[in-house]
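Breakdown of the fold
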Amino acid sequence: MLKKIYHFSIYKNMCKSVQNLSEQQLTNFDEMVRDRSIDDIKQVNLLAYLVQKLKPSLIPYKQLLAGMICERNIKSNQELDKAIKELKQNSCMGIFKCQSDDKGTRHKIAYFEGRDIEIAQNRQEHLQQHYQQTQGKIVLRFPPEPNGYLHLGHVRSIRLNFHSAQQLQGICYLRYDDTNPDTEKQQYIDQIRENVQWFGYDVQHVTYASNYFDAIHDCAIKLIEKGLAYVCEQTKEQMYEERRNKQPSPYRNRSMNQNLKLFKQMQEDDIPEYKYTLRLKIDYQHDNPTLRDPVIYRIKHQSHPRSGNKWKIYPTYDFAHCICDSIENITHSLCTLEFEIRRELYYWILDNLDLYKPTVYEFSRLNVSNNMLSKRKIAKLVEQGKVDGWDDPRLLTLNGLQKRGYTATAINMFIDQVSTPRSGNEHIISIKLLESCMRKELDHAQKLMVVIDPVIGIIQTNNEQYQIYIDRKDIRLQDKDDYFGIAPSKIICLKYYGLVRCTNIQQNENDFITCVNFQLLSTNLEDRKQVKGQLHWIGNDNIDAQIKEYSELFNIENPLELENFMDSFNADSLKVYIGKVPKREYKKGERYQFERCGYYIVDSVTPLVFIKIVGLVESTKKKLL
């Protein structure tokens with residue numbers, strides 16, 4: 001039995017169907033077999049067949065179908081074809097419909113259904129009112145907290161909510177979860193909207209949790225009056241220990257009138273922060289820690305970006321989120337798997353407030369190798385000066401990706417390919433898949449001959465000398481049989497020009513290469529074809545440009561597996577060169593392919609600065625140059 005095989009190369013030696021896959025199909029195959037138990041070669045063949053069938057419209061179902069193959073619900077190519085046909089008939093990302101023919105290939109397609117909870121069921125009256133409000137339309141929301149800039153991980157939620165609503169002719173709210181004035185700023189609010197619009201979505205419905213502060217406050221009073229909430233005076237540390245040990249708060253049995261009075265004082269009087277909190281009275285001994293009398297209101301004296309100083313008390317995310325969902329008649333509340341444990345709390349609150357209950361579904365958080373997708377961790381990188389702000393091109397913030405030259409189309413392509421699995425938050429997607437998606441966008445970029453780290457080259461012909469510039473990385477002092485670059489006495493081909501022999505490599509007193517001398521041998525095209533390795537170069541008709549080369553931000557795939565993630569920070573993740581580029585007019589935002597180097601974007605014109613977007617896919621022989 002093959003268990004948890006992580007690399008498709010193992011399968012390539014066993015299965016001809018895998019050997020026939022393209023590079024992109026192999027990447028998809030690798031994503032499918034990670035963290036799965038594969039029983040036999042038939043399953044491997046079926047997974048290989050699946051990736052060959054993966055058209056763009058089927059990308060979101062990739063993990064769903066792979067799971068059905070591994071669980072033996074699909075056992076042949078014919079059954080897989082039938083499953084794909086049924087999925088196409090029930091399209092729009094497979095979240096909202098779960099009908100299937102019991103006599104068909106599968107008894108049921110497990111469309112995004114979360115853990116079943118009895119109190120999640122709506123009363124008929126609520127469903128009728130909900131339908132009247134929505135007219136049967138799908139209503140979704142993207143609820144970011146405006147306490148930082150969005151990153152690649154947020155795009156999965158943006159795509160899932162806005163794109164699904166678009167495809168289903170429904171509604172998607174951009175709702176800011178602005179319940180913590182300590183960390184929220186107007187600049188983040190503005191930037192989040194710009195980011196969403198950059199992906200091409202028409203943001204027509206913008207709301208804020210703060211729009212509903214009065215209604216949320218009324219809900220808290222209602223729970224106090226029902227004996228389901230109380231004011232607590234424990235410190236954070238005391239409360240942590242009491243909840244961890246399943247012990248009741250000494251303030252749990254205060255009278256309703258006392259709780260109402262103190263809750264009013266929390267809002268109206270000048271009381272120190274955290275002296276009082278309002279907690280739900282659920283079950284302090286519950287196995288689910290989120291139900292052990294959680295805090296739903298706390299005192300904060302920080303001015304709010306929108307409501308100013310109107311409020312001194314603010315609801316927690318857990319309390320505000322479900323109430324906002326209900327008020328906005330959200331049909332499907334989609335969030336990442338770390339919130340799965342809060343599902344009971346979500347429905348407990350709505351059930352005891354007698355409010356409409358949306359369908360909740362949790363999906364896996366997106367993790368990308370050798371980088372960081374945590375706003376708190378990114379903030380540390382910024383604060384410690386490891387990166388140059390939130391838009392540093394090494395970061396996977398949306399501002400950083402834009403600055404690096406990534407397009408919304410490429411990012412959406414990446415999100416569609418990794419789909420929306422529910423297999424846990426530990427799975428890490430290779431950053432190479434993101435780079436591959438971007439290369440497809442750059443296939444038609446204009447090519448330029450650019451020398452990034454220039455060294456003077458002197459070409460001697462029969463009658464005169466010519467000066468050119470060659471790249472330092474193409475020069476070695478000792479030759480090898482499998483090396484096709486410049487070395488003493490070696491014959492190489494200068495691309496589009498001719499064959500030359502290296503006659504001398506000059507160095508200064510520090511052994512730094514300063515100049516290379518060549519003898520021109522031939523400019524004949526047939527002669528040039530006989531030499532392996534075509535080196536790029538540039539003549540004197542050039543101008544200087546700053547060229548920034550970025551590489552992986554961390555030296556290991558998952559920096560969070562270390563006690564201190566900073567220990568794996570790649571100090572060489574940014575290298576800056578003064579290179580030689582063709583003399584011409586450049587415009588900010590233009591993208592070019594630098595031959596043999598990669599793809600670059602013009603970051604600024606005065607001074608002229610290029611940023612590397614992504615490298616080229618090279619053969620082994622080319623890498624030896």
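Given the structure is predicted, the values throughout are model-derived calculations rather than measurements.

Turning our eyes to something else, we now look at the nonpolar core. In terms of nonpolar packing, the biggest core is built from 46 residues, with Leu152, Leu366 and Phe414 touching the most fellow members. When residues of this core are assigned to their parent elements, the largest contribution, six residues, is made by helix α17 (residues 408–418). When sequence neighbours within four positions are dropped, the list of residues in contact with phenylalanine 414 reads Leu152, Leu366, Val368, Ile429, Leu433, Leu434 and Cys437. Among the nonpolar cores identified, the runner-up in size contains 41 residues, and Ala120, Leu291, Ile296 and Ile349 belong to it.

For the rest of this paragraph, the subject is the packing of aromatic side chains. With the rule as written, the count across this model stands at 20 aromatic pairs. Both rings, one in tyrosine 586 and one in phenylalanine 610, keep their centres 5.4 Å apart while their planes meet at 90 degrees; by these two values the pair is edge-to-face. Pair noted here: tyrosine 586 is in the loop between β20 (574–582) and β21 (591–594) and phenylalanine 610 is in strand β23 (residues 609–614), with a separation of 24 residues, a long-range link. Taken together, the ring pairs connect Tyr586, Tyr592, Phe594, Tyr600 and Phe610 into an aromatic cluster. Sitting over the face of the ring of tyrosine 274, lysine 236 holds its NZ or CZ atom 4.4 Å from the ring centroid. Just above the ring of tyrosine 469 sits the side chain of lysine 580; from NZ or CZ to the centre is 4.8 Å.

Turning to the pattern of salt bridges, a few remarks are in order. Counted under the stated rule, the structure contains 29 salt bridges. Of the charged contacts in the structure, one is a salt bridge between arginine 175 and glutamate 328, with a shortest N-O distance of 3.0 Å. In this pair, arginine 175 is assigned in strand β4 (residues 171–176) and glutamate 328 in the loop between α13 (317–327) and β10 (332–336), connecting sequence segments 153 residues apart. The exposure class of glutamate 328 is buried, given its relative accessible area of 5%. Between glutamate 241 and arginine 244 there is a salt bridge, with its nearest N and O atoms 2.6 Å apart. Of the two residues, glutamate 241 and arginine 244 are both situated in helix α11 (residues 236–244); the distance of three residues between them amounts to about one turn of the helix.

Consecutive side chains along a regular strand alternate between the two faces of the sheet. The pairing of strand β13 (residues 454–460) with strand β17 (residues 513–522) spans five bridges and is parallel. The residue bridging isoleucine 458 from the neighbouring strand is asparagine 517, located in β17. The pairing of strand β16 (residues 498–507) with β17 spans eight bridges and is antiparallel. Of the residues in β17, the one forming a bridge with isoleucine 505 is valine 516. Between β16 and β17, which follow one another and run antiparallel, lie five residues, and aspartate 511 among them has a positive phi close to 65 degrees.

Glancing now at the packing of α13 against helix α14 (residues 343–352). Remark: α13 packs on α14, axes separated minimally by 9 Å, with the N-to-C direction vectors making an angle of 60 degrees. Of the possible angle classes, the one that applies to α13 and α14 is oblique. For the crossing formed where α13 meets α14, the hand is right-handed. Here Asp318, Phe319, His321, Cys322, Ile323, Asp325 and Ser326 of α13 come into contact with α14, specifically with Leu345, Tyr346, Ile349 and Leu350.

The N-to-C vectors of helix α10 (residues 213–225) and α13 enclose an angle of 115 degrees; their axes lie 10 Å apart at closest approach. It follows that α10 is roughly perpendicular to α13 by the angle criterion. Regarding α10 and α13, the two cross each other, and that crossing is right-handed. In this structure, α10 uses Ala215, Ile216, Cys219, Ala220 and Leu223 to contact α13, whose residues at the interface are Phe319, Ala320, Ile323, Cys324 and Ile327. Here the residues of the contact of α10 with α13 are counted per class, giving 10 nonpolar, no polar and no charged.

All right, on to the sheet that holds strand β19 (residues 542–550) then. The strand order β12-β21-β22-β23-β19-β20 describes an open sheet built from six strands, whose pairing is mixed. Of all the strands in the sheet, the pair left with one neighbour each is β12 (446–448) and β20. Averaged over all pairs of adjacent strands, the angle between strand axes in this sheet comes to 40 degrees, irrespective of strand direction. Pairing analysis gives three bridges linking β19 to β23, with the strands arranged parallel. Within β23, the position partnered with lysine 548 by the bridge is isoleucine 611.

Should pLDDT be low for a region, the predicted coordinates there are not to be read in detail. With 88% of its residues at a pLDDT of 70 or more, the protein chain shows a mean pLDDT of 87. In this model, residues 1–12 is a region of pLDDT below 50 whose contacts with residues beyond four sequence positions or in other chains number 32 contacts. Contacts from residues 89–111, a stretch scored under 50 in pLDDT, to residues over four places away or in other chains number 56 contacts.

With that settled, consider empty space enclosed by the protein. Over the atoms rolls a probe the size of a water molecule, and in doing so it shows where empty space is left. Across all of its chains, the model carries three cavities of 30 Å³ or more by this definition. Volume-wise, the largest cavity comes out at about 110 Å³. As for the largest cavity, its lining consists of Tyr317, Asp318, His321, Cys335, Phe339, Arg342, Arg343, Leu345, Tyr346, Val360 and Glu362. Counting only elements with at least two residues in the lining of the largest cavity, the list comes to α13, α14 and β11 (359–363). When grouped by side-chain class, the residues that make up the lining of the largest cavity number six nonpolar, one polar and four charged.

Cut-offs applied
Within any chain, residue numbers begin from 1 and follow the written order of that chain's sequence. Only residues with pLDDT of at least 70 get local features here, since the model is predicted, and only at 80 or more are side-chain atom pairs given and counted; chain-wide, interface and lining totals rely on the full set of residues. The basis for the side-chain values is all heavy atoms of the structure; hydrogens and waters are excluded. Throughout, nonpolar core names a set of buried Ala, Val, Leu, Ile, Met, Phe, Trp, Tyr and Cys residues whose side chains join them through atoms within 4.5 Å. Burial status follows relative accessibility: with a 1.4 Å probe on protein chains alone, a residue under 20% of its type maximum counts as buried, one over 50% as exposed, and anything between as partly exposed. Under the DSSP-based scheme used, a helix requires at least four consecutive residues in state H or I and a strand at least two consecutive residues in state E, with every element numbered from the N terminus. We call two residues in contact when some of their heavy atoms are within 4.5 Å. Here a Phe, Tyr or Trp ring, Trp counted by its six-membered ring, pairs with any other such ring whose centre lies within 6.5 Å, and the pair is stacked when the planes are under 30 degrees apart, edge-to-face when over 60, and tilted otherwise. Counted as over-ring charges are cases with an Arg CZ or a Lys NZ within 6 Å of the ring centre that also lie within 35 degrees of the ring normal. Criterion for a salt bridge: a side-chain nitrogen of Lys or Arg within 4 Å of a carboxyl oxygen of Asp or Glu. Two strands are said to pair when DSSP picks up at least two bridges between them. In this analysis, axes come from line fits to C-alpha atoms, helices being fitted only over the stretch in contact, and the angle between any two N-to-C directions falls in the range 0 to 180 degrees. Relative orientations are named as follows: roughly parallel for angles under 35 degrees, roughly antiparallel for angles over 145 degrees, roughly perpendicular for angles from 65 to 115 degrees, and oblique for any other angle. Should the near helix be turned counterclockwise from the far one by less than a right angle, the crossing is left-handed, whereas a clockwise turn marks it as right-handed. When residues are sorted by character, Ala, Val, Leu, Ile, Met, Phe, Trp, Tyr, Cys and Pro go into the nonpolar class, Asp, Glu, Lys and Arg into the charged class, and all the rest, Gly among them, into the polar class. Here pLDDT means the predictor's own confidence in every residue, given as a number from 0 to 100. Residues are called lining when one of their atoms sits within 4 Å of a cavity or pocket point, these points coming from a 1 Å grid over the protein atoms alone, where a cavity is a set in which a 1.4 Å probe fits but cannot get out and a pocket is an open set with protein on both sides within 12 Å along at least five of seven lines. Grid points are joined across faces, edges and corners, and a volume is the space filled by probe spheres set on the points.

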